[in-house]
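# Remarks on the overall topology
The primary structure of each chain is shown beneath.
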Amino acid sequence: MPAVIRVEGLSKTYASGFTALKDINLEISQGEIFALLGPNGAGKTTLIGCICGIVNPTAGKITVDGKDIVADYRAVRAMIGLVPQELATDMFETPWATVNFSRGLFGKPQNHAYVEKVLRALTLWEKKDSRIMTLSGGMKRRLLIAKALAHEPRILFLDEPTAGVDVELRREMWEIVRKLRAEGVTIILTTHYIEEAEEMADRVGVIAKGEIILVEEKNELMRKLGKKQLVLQLSAPLTEIPAGLGAYDLHLGADGNELTYTYDTRAERTGITALLNDMRAAGVTFKDLSTMQSSLEDIFVDLVREKR
Ligand SMILES: Nc1ncnc2c1ncn2[C@@H]1O[C@H](COP(=O)(O)OP(=O)(O)OP(=O)(O)O)[C@@H](O)[C@H]1O
């Protein structure tokens, strides 16, 4: 698939002197769902703000469909729809008026049939003449998407589409995103949630402290994220890992009193049964055991370490 968005050497330092993005290089392919995964303050919103022309980059170059976002601002903006985190619109307006107005902002001719199609697709048609303030939280979220789609963009950015929404609504949002992709829209979404990236994305970019740490096919990333640790409190301390256990990914810690085994939860076998058997054969016994799942934070730390 050809790249529809190219980001080269992008950096952003805010007026406060804070550097939110450092030398970002990224390509988004046409028709994919790309998830930008990162903790709070990682720079996700700043990055999409730069691509959408809302935030001025300090350095670097961005093209959308081969057009420079600065030199060709209007053409680029017309190709992009942005679903922000929060609704900033007149609460006394109606969905019908606000979506038609959004379309007009982009200089698109009126097209009531298209606006109707969008409102119906987002199950807002029944509410088209209600005041926005009377809509439920889920309806307001869907209205944000309807507004972003008003001018028929080919690329849609969703900034934390499911932050603070319940499970049912989250699934509904995912369904909407999938339908849009099926219609050929390229989708870039930001999220804190590994499950969201896992559920939705074709590729995932992990961002932390203003740097893209890795970009990976979703399946490959999930394999890396699927690591768990088994921690064994030994009955007696060891000075080294016995030779008979050399084939396992083991770490001896806590003055030889703790053995940690790292395994892949997605592998066909965890290897735990074999490890415990081999430990018995090697005469190593334990008094307690627990498991730990790597947190997103641990994973970021690991990834940063791996990169260096
Ligand atoms: N206008 C601004 N002036 C100064 N610093 C800013 C400005 N906007 C954002 N920042 C800082 O830049 C960093 C990145 O913010 P950004 O909103 O891009 O992160 P994010 O990954 O989207 O976070 P979240 O998940 O919380 O939305 C943060 O430390 C933030 O405080």
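Quick note: structure is the one above.
Residues numbered from 1 in each chain as written. Predicted model: local features only at pLDDT ≥ 70, side-chain atom pairs only at ≥ 80, totals over all residues.

Right, let's get into the environment of W125. Secondary-structure assignment places W125 in the loop between α4 (112-121) and α5 (137-149). C-alpha separation for the pair W125 and P95, spaced 30 residues apart in sequence, amounts to 8.6 Å. Discounting chain neighbours no more than four positions away, the residues touching W125 are E116, L119 and R120. (Helix = DSSP H or I, 4+ residues; strand = E, 2+ residues; numbered from the N terminus. Contact = placed C-beta atoms within 7 Å.)

With that settled, the discussion passes to the packing of helix α3 (residues 95-105) against α4. One way to put it is that α3 packs onto α4 with a least axis distance of 10 Å and a crossing angle of 125 degrees. When the interaxial angle is binned, α3 and α4 end up oblique. Crossing hand, α3 versus α4: right-handed. Of α4, the residues touching α3 (which contributes P95, V99, N100 and R103) are V115, V118 and L119. (Axes fitted to C-alpha atoms, helices over the stretch in contact; angles between N-to-C directions. Parallel < 35°, antiparallel > 145°, perpendicular 65-115°, else oblique. Left-handed = near helix turned anticlockwise from the far one by under 90°.)

One way to put it is that α3 packs onto α5 with a least axis distance of 8 Å and a crossing angle of 30 degrees. Here α3 is positioned roughly parallel relative to α5, judged by the angle of their axes. As for the relative orientation of α3 and α5, their crossing is right-handed in sense. Two secondary-structure elements touch here, α3 through P95, T98, V99 and S102 and α5 through L143, A146 and K147. Of the residues in the contact of α3 with α5, the class split is four nonpolar, two polar and one charged. (Nonpolar A, V, L, I, M, F, W, Y, C, P; charged D, E, K, R; others polar.)

This part covers α5. When the terminal C-alpha atoms of α5 are compared, their 19 Å separation across 13 residues agrees well with the 18 Å that a helix rising 1.5 Å per residue should span. Where α5 is buried, its residues meet β6 (80-83), α3, α4, β7 (155-159) and α6 (167-182). (Expected span 1.5 Å × (residues − 1).)

Taken together, Y14, S16, F18, A20, G38, N40, G41, A42, G43, K44, T45 and T46 make up the full set of residues adjacent to the ligand. When grouped by side-chain class, the residues that make up the shell around the ligand number four nonpolar, seven polar and one charged. (Near = placed C-beta within 6 Å.)

Let us now look at the sheet that holds strand β2 (residues 19-29). Strand order in this open sheet of four strands is β2-β1-β4-β5, and the pairing throughout is antiparallel. With one partner strand each, in any of the chains shown, β2 and β5 (67-68) form the two edges of the open sheet. Direction of pairing for strand β1 (residues 3-13) relative to strand β4 (residues 59-64): antiparallel, over a ladder of five bridges. Bridging from a neighbouring strand, E8 pairs with K61 of β4. Where helix α1 (residues 44-51) meets the sheet, it contacts β1, β2 and β4, and its direction lies at approximately 120 degrees from that of β1. (Pairing = 2+ DSSP bridges.)

So, about the sheet that holds strand β10 (residues 211-217). The mixed open sheet is built from six strands, whose spatial order is β6-β7-β8-β3-β9-β10. The open sheet has two edge strands with one neighbour each: β6 and β10. Averaged over neighbouring strand pairs, the angle between their axes works out to 15 degrees when direction is ignored. Relative to β10, strand β9 (residues 203-208) is paired through six bridges, and the arrangement is antiparallel. Its bridge partner lying in β10, R203 is registered against E217. Sheet contacts for α1: β3 (33-37), β7, β8 (186-191) and β9; angle to β8, the most-contacted strand, approximately 150 degrees.

Turning our attention to unusual backbone geometry. One non-glycine residue, D65, lies in the positive phi region at around 55 degrees. Relative to the helices and strands, D65 is located in the loop between β4 and β5.

Time to look at the pairing of strand β13 (residues 258-264). Summarising the sheet, strand β11 (residues 227-234) and β13 pair through seven bridges and their orientation is antiparallel. Following the sheet pairing, L230 is matched in β13 by Y261. With four bridges connecting them, strand β12 (residues 250-253) and β13 associate as antiparallel partners. Bridge pairing links G253 to E258 in β13.

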